[in-house]
Amino acid sequence: MYKMENKELERIFDYSLSMRRLLHQYPEVGFELPKTVSVIEEELKKLGIEYTNKYGKCSIVANMGKGEKTLAIRADIDALPIEEANDIPYRSKHRGMMHACGHDSHAAVLLGVAKYLKEREEMLPCKVRLIFQPSEEGAVSGAKMMVDNGVMDGVDTVLCTHCENELDVGKVGICYGDYMAACIPAKIRFFGKASHAAIPEAGIDAVAMAVEAYTRMKEAVSNEAGENKYIWNVGHLSGGTVHNIVPDLCEMDISFRFYNKEFAKRVEEKVRAICNETAERYGGKTEISWVMSTGAIHNDEKITADFEKCVKENGIPVKLMPQKKSSEDFAWFLSKTKGMIFRFGTRNEEKGFTALAHRSDFMIDEDGMKTAILAFCSYIFSVE
């Protein structure tokens, strides 16, 4: 069992804290992260850690250690297009942008872990790959880009963490098995034929097609689900322009979230059949975009159990977290190997740090970063 000395933990935490507050002042969005990347690269240079940007725009990857196995740790580094409402000394200096999901803390934790590991590189029981990923929040996944470019080649295990304002500071949250849902943001278009409303027989009503398909799809997904948990949300449906014209176009945007791939495959088959049959009966056409933005996150049971054992031995309280229907593009890394995501608590009611992520007043208790650093280091030095 590896024990991290408290004075060392405090020293590394102080370093990570300074990094977090620096990054917090310069939030950037998507794949446009020049300041964020320059800060991280400068720190890696100071630490004597070589890195590469070859896995995609605004990505940074560093390797250290020796051994047969390779453990990867990922931190997302992008922010959100939100104006910060917090009145703090290190408030965002980029108008309309804010680290409202805590990715600044994720990057700072990974830099702290990098500093600690580099100082003990000869003691590492395995190779460690540090992955700083852009565009976790964006429509285009930075994780998928990096995976497609080979960042997971040779990796045996991959871990990441996320701050959590629903978990008290000082605690770690874990979930065994299926944890976060896959997401398919489907877009369905129905094409009809415009005509004057007074002569509807001369037109083909695209809205009528969409409304009928809406009802049939909802029922079909429910019937197909069985015990599978899912979300089927039609967040947007629009068609037509004015009251006296039969609409020739109706569009529908759906968020489909799930855990089971076979269930999702059956749903896709049902949806396509329903939409095609409905459109054909009306004399119209349909067009369906059905692309998975990210897969489901499955936390490997053995890795999770080993992680839980390590952090408990280092005095960190562990809470079992409920399954989430939200998504995280960390799943792209897990599509290549086994791993897990854990949460580090940043909630502190006494200090008023209770606002949830993606809000303009989001604030974390930064002491939670200390827990994340200790958790990572405890696990890394336990790898066999």
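Structure: above.
Worth saying up front: this structure is predicted, and the values here are computed from it rather than measured.

### Focus: the overall build of the chain
Next, step 1: Of regular secondary structure, the chain possesses nine helices and 16 strands.
Next, step 2: Considered along the principal axes of its C-alpha atoms, the chain spans approximately 80 × 45 × 45 Å.
Next, step 3: The burial tally for the chain puts 53% of its 384 residues in the buried class.
Next, step 4: In the chain, 81% of the contacts between residues at least 6 apart in sequence involve partners at least 24 apart.

### Considering the packing of aromatic side chains
Next, step 1: Under the criterion given, the structure shown has 12 aromatic pairs.
Next, step 2: Judged by centre distance (5.9 Å) and plane angle (45 degrees), the rings of F256 and W290 are tilted. Separated by 34 residues along the polypeptide, F256 in strand 12 (residues 249-258) and W290 in the loop between strand 13 (285-289) and strand 14 (297-299) bring together distant segments of the chain. The pair formed by F256 and W290 is uniform in burial state, with each residue classed as buried.
Next, step 3: Ring geometry for F330 and F333: centres 6.0 Å apart, planes at 40 degrees, overall tilted. Summarising the burial analysis for this pair, F330 and F333 share the class buried.
Next, step 4: Grouping aromatic residues by their ring pairs yields a cluster made of Y230, W232, F256, F258, F263 and W290.
Next, step 5: We note K35 situated over the ring of Y26; from NZ or CZ to the ring centre the distance is 4.7 Å.
Next, step 6: A cation over an aromatic ring shows up here: K370 above the ring of F13, its NZ or CZ 5.0 Å from the ring centre.

### As for the sheet that holds strand 10 (residues 230-239)
Next, step 1: With respect to topology, four strands assemble into an open sheet ordered 10-12-8-13, the strand pairing being antiparallel. Edge positions in the open sheet fall to strand 10 and strand 13, since each of these has one partner strand only. Along the sheet, successive strands turn relative to each other by an average axial angle of 15 degrees, direction set aside.
Next, step 2: Bridge count between strand 8 (residues 182-191) and strand 13: five bridges; the pairing is antiparallel. Across the sheet, the residue bridging to I188 is I288, located in strand 13.
Next, step 3: Where helix 5 (residues 206-225) meets the sheet, it contacts strand 8, strand 10 and strand 12, and its direction lies at approximately 180 degrees from that of strand 10.
Next, step 4: Contacts between helix 6 (residues 261-282) and the sheet are confined to strand 8, strand 10, strand 12 and strand 13, with strand 13 contributing the most and set at about 160 degrees to the helix.

The rules behind each value
Residues numbered from 1 in each chain as written. Predicted model: local features only at pLDDT ≥ 70, side-chain atom pairs only at ≥ 80, totals over all residues. Heavy atoms only, no water. Helix = DSSP H or I, 4+ residues; strand = E, 2+ residues; numbered from the N terminus. Buried < 20%, exposed > 50% of the residue type's maximum accessible area, 1.4 Å probe, protein only. Contact = heavy atoms within 4.5 Å. Phe/Tyr/Trp six-rings, centres within 6.5 Å; stacked < 30°, edge-to-face > 60°. Lys NZ or Arg CZ within 6 Å of the ring centre and 35° of its normal. Pairing = 2+ DSSP bridges. Axes fitted to C-alpha atoms, helices over the stretch in contact; angles between N-to-C directions.

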